[in-house]
Amino acid sequence: MATWRRDGRVTALQRLGCAGLAGALSLSLTAPLELLTVLAQVGTWHCRRGLRGAGQSLCRAEGLRALWKGNLTACLRLFPYSALQLAASRRLVILFTDEFGHISHWRAIMAGSLAGMVATIVTYPTDVIKTRLIVQNRLEPSYEGILHAFYKIYHQEGLLALYRGVSPAILGAVPFSAGSFFVYINLDKIWREPIVHFTPLQNFINGCVAAGVAQTLSFPFETVKRKMQAQSPWLPHYGAVDVHFTGMADCFRQTVKNKGVLGLWSGLTPSLLKIVPYFGVMFSTFEFCKRVCLYRNGYIESPLNYKLTPGVDQSLQPQELRELKLLRRENFEPRKSALEN
């Protein structure tokens, strides 16, 4: 899967801010498709009329704002998730790197997957809350907000309820990684040229294709996870889940029994439809935010392009460049005479 190249001219905090802002914007713009995906996975009554009918019936019943239910939770989750994933990924890449400082594609993807698992486990309660806020009726809510949902779930159902569905979430990382790796190792055969020669457009297409394949392979685990997150005896109609089960294995069994094997892929269409706009908005927003940071750090002339500032060594780190500018300013400042003092 295509990844952003790390640029030493941007600090870690700036890079995290750029990624967080890009992720929040892309999540917000594709939130209706994410909501329809979750509703289809859970199996609420809205989805009996298909994708378009589900959106229309939801808007008629709860208003247009209902299409963005749970989006605030998803956006707030981005920053701790990204920070944890970045920190864990750095540690794991060092662990998987050989004595010559090289790391294979498979190990790099494995390091990223394990880092994602760590971030997923730590921030998992927010994902449960997001699902609960999506499936509830906005006009007759069981939860009044993120903090109220956290408080109510913890006191009514216990701490383990906030981690309901974490097992299929972890297991789903295996086919997701395998799908990403399968696409990545065949990219040079698909494009008939080395990976190092890929253009930004090719990398964008590669990212979308890899995400689509990986998501399709891991989607049954995602479906079971959503059903487990939504089901609760404290919610109306047990959280509106279309099947009743006692655990992960039983959820797989009951879904196949009542909905067929394809029931495990319910909601895949809106999930795949959001990939292109999601990655498109994310990459373009990240690149623009990065240009703003490079401009503020003094490496480029304008945040609207990548034209380099004349006379600036691009190999210097931001702190080194600031120190060099400060030193030059001190050397060229006219000193005050003794009479002025």
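Residues numbered from 1 in each chain as written. Predicted model: local features only at pLDDT ≥ 70, side-chain atom pairs only at ≥ 80, totals over all residues. Heavy atoms only, no water.

## Overview of the packing of helix H4 (residues 71-96) against helix H5 (residues 105-135)
Now for step 1: One way to put it is that H4 packs onto H5 with a least axis distance of 7 Å and a crossing angle of 160°. By the angle between their axes, H4 is roughly antiparallel relative to H5. As H4 packs across H5, the resulting crossing turns out to be right-handed.
Now for step 2: Residue classes in the contact of H4 with H5 are distributed as 17 nonpolar, eight polar and four charged. (Axes fitted to C-alpha atoms, helices over the stretch in contact; angles between N-to-C directions. Helix = DSSP H or I, 4+ residues; strand = E, 2+ residues; numbered from the N terminus. Parallel < 35°, antiparallel > 145°, perpendicular 65-115°, else oblique. Left-handed = near helix turned anticlockwise from the far one by under 90°. Nonpolar A, V, L, I, M, F, W, Y, C, P; charged D, E, K, R; others polar.)

## Points about the nonpolar core
Now for step 1: Residues Leu 27 and Phe 279 are the most contacted members of the largest nonpolar core, which totals 26 residues.
Now for step 2: Of all the elements in the fold, those that place two or more residues in this core are helix H1 (12-29), H4, helix H10 (200-230) and helix H13 (275-297).
Now for step 3: Per-element accounting of this core gives the leading share, nine residues, to H13.
Now for step 4: Once residues within four sequence positions are removed from consideration, Phe 279 is found in contact with Phe 204, Gly 207, Cys 208 and Ala 211. (Core = buried A, V, L, I, M, F, W, Y, C linked by side-chain atoms within 4.5 Å. Buried < 20%, exposed > 50% of the residue type's maximum accessible area, 1.4 Å probe, protein only. Contact = heavy atoms within 4.5 Å.)

## Some details on the UniProt feature "repeat: Solcar" (unreviewed entry) in the chain
Now for step 1: According to UniProt, the "repeat: Solcar" (unreviewed entry) feature falls on residues 10-95, 103-190 and 198-292.
Now for step 2: The distance from the first to the last C-alpha atom of residues 10-95 is 24 Å, and the span holds 79% helix and 0% strand. (UniProt positions renumbered as here; feature names shortened; annotations may be inferred.)

## Describing unusual backbone geometry
Comment: phi is negative for the bulk of residues other than glycine, and the bulk of peptide bonds are trans.
Now for step 1: The residue Arg 192 is not glycine, and still its phi comes out positive at about 60°.
Now for step 2: As for its position among the elements, Arg 192 is in the loop between helix H9 (187-191) and H10.
Now for step 3: We classify Arg 192 as exposed; its relative accessible area is 78%.
Now for step 4: Even without being a glycine, Ala 240 presents a positive backbone phi close to 65°.

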